[in-house]
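Structure assessment
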Amino acid sequence: QVQLVESGGGLVQAGGSLRLSCVASGRTFSRYAMGWFRQAPGKEREFVAAINWTGDNTYYGDSVKGRFTISRGNAKNTVYLQMNSLKPEDTAVYYCAADFKRYLPTLVSDFDSWGQGTQVTVSS
């Protein structure tokens, strides 16, 4: 198991940007594929982005392609989510997650460890 702590959420106007961070501790971070998910009130948890353990392969959900960028700094045990051109529909609690088994996981059920989440609110 790896412990994950997200930060960087907040309130931003539509069109603005935020950068989320997720710091991992416990097992060897560089061996984990990492992902970001989000969950709005009354909705299911939605896949946002994933990155493989070396950081050279990424995958995005359709609703964020071209606006969000996932990256990782293995030396800092951190994964990032740069969010640009934010829209009110991006409002949600954002979670990072870790998977030790798969190359580029995208399903909620793929991931072994989850952070506590950070709130992102985009005003119109």
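Residues numbered from 1 in each chain as written. Predicted model: local features only at pLDDT ≥ 70, side-chain atom pairs only at ≥ 80, totals over all residues. Heavy atoms only, no water.

Notes on the packing of aromatic side chains
- A complete count under the given rule lists six aromatic pairs for this structure.
- Between tyrosine 32 and phenylalanine 100, the ring centres sit 5.2 Å apart and the planes meet at 55°, which makes this aromatic pair tilted. Of the two residues, tyrosine 32 sits in the loop between β3 (18–26) and β4 (33–39) while phenylalanine 100 sits in the loop between β9 (92–99) and β10 (113–114), which places them 68 residues apart along the sequence.
- You can call phenylalanine 100 partly exposed: its relative accessible area is 34%.
- With centroids separated by 5.2 Å and ring planes inclined at 85°, the aromatic side chains of phenylalanine 37 and phenylalanine 111 adopt a geometry described as edge-to-face. (Phe/Tyr/Trp six-rings, centres within 6.5 Å; stacked < 30°, edge-to-face > 60°. Helix = DSSP H or I, 4+ residues; strand = E, 2+ residues; numbered from the N terminus. Buried < 20%, exposed > 50% of the residue type's maximum accessible area, 1.4 Å probe, protein only.)

A word on the state of the cysteines
- The tally for this structure, following the rule as stated, stands at one disulfide.
- Disulfide partner of cysteine 22: cysteine 96, at an S-S distance of 1.9 Å. Handedness of the cysteine 22-cysteine 96 disulfide follows from its S-S torsion of about 40°: it is right-handed. Of the two residues, cysteine 22 sits in strand β3 while cysteine 96 sits in strand β9, which places them 74 residues apart along the sequence. (Disulfide = S-S within 2.5 Å.)

Re the sheet that holds strand β7 (residues 68–73)
- The four strands are arranged β1-β3-β8-β7 in an open sheet whose pairing can be described as antiparallel. At either end of the open sheet lies a strand with only one pairing partner, and these are β1 (2–7) and β7. Pairwise comparison of adjacent strand axes, ignoring direction, gives a mean angle of 20° for this sheet.
- Relative to strand β8 (residues 78–83), β7 runs antiparallel, the two being bridged by six bridges. (Pairing = 2+ DSSP bridges. Axes fitted to C-alpha atoms, helices over the stretch in contact; angles between N-to-C directions.)

Structural notes on the pattern of salt bridges
- Here the structure, examined in full by the defined rule, presents eight salt bridges.
- Across the pair aspartate 90 and arginine 38 runs a salt bridge, and its minimum N-O distance is 2.8 Å. Separated by 52 residues along the polypeptide, aspartate 90 in the loop between β8 and β9 and arginine 38 in strand β4 bring together distant segments of the chain.
- Aspartate 90 gets classed as buried once you look at its relative accessible area, which sits at 0%.
- As a salt-bridge pair, aspartate 62 and lysine 65 come within 3.1 Å of each other at their nearest N and O atoms. (Salt bridge = Lys/Arg side-chain N within 4 Å of Asp/Glu carboxyl O.)

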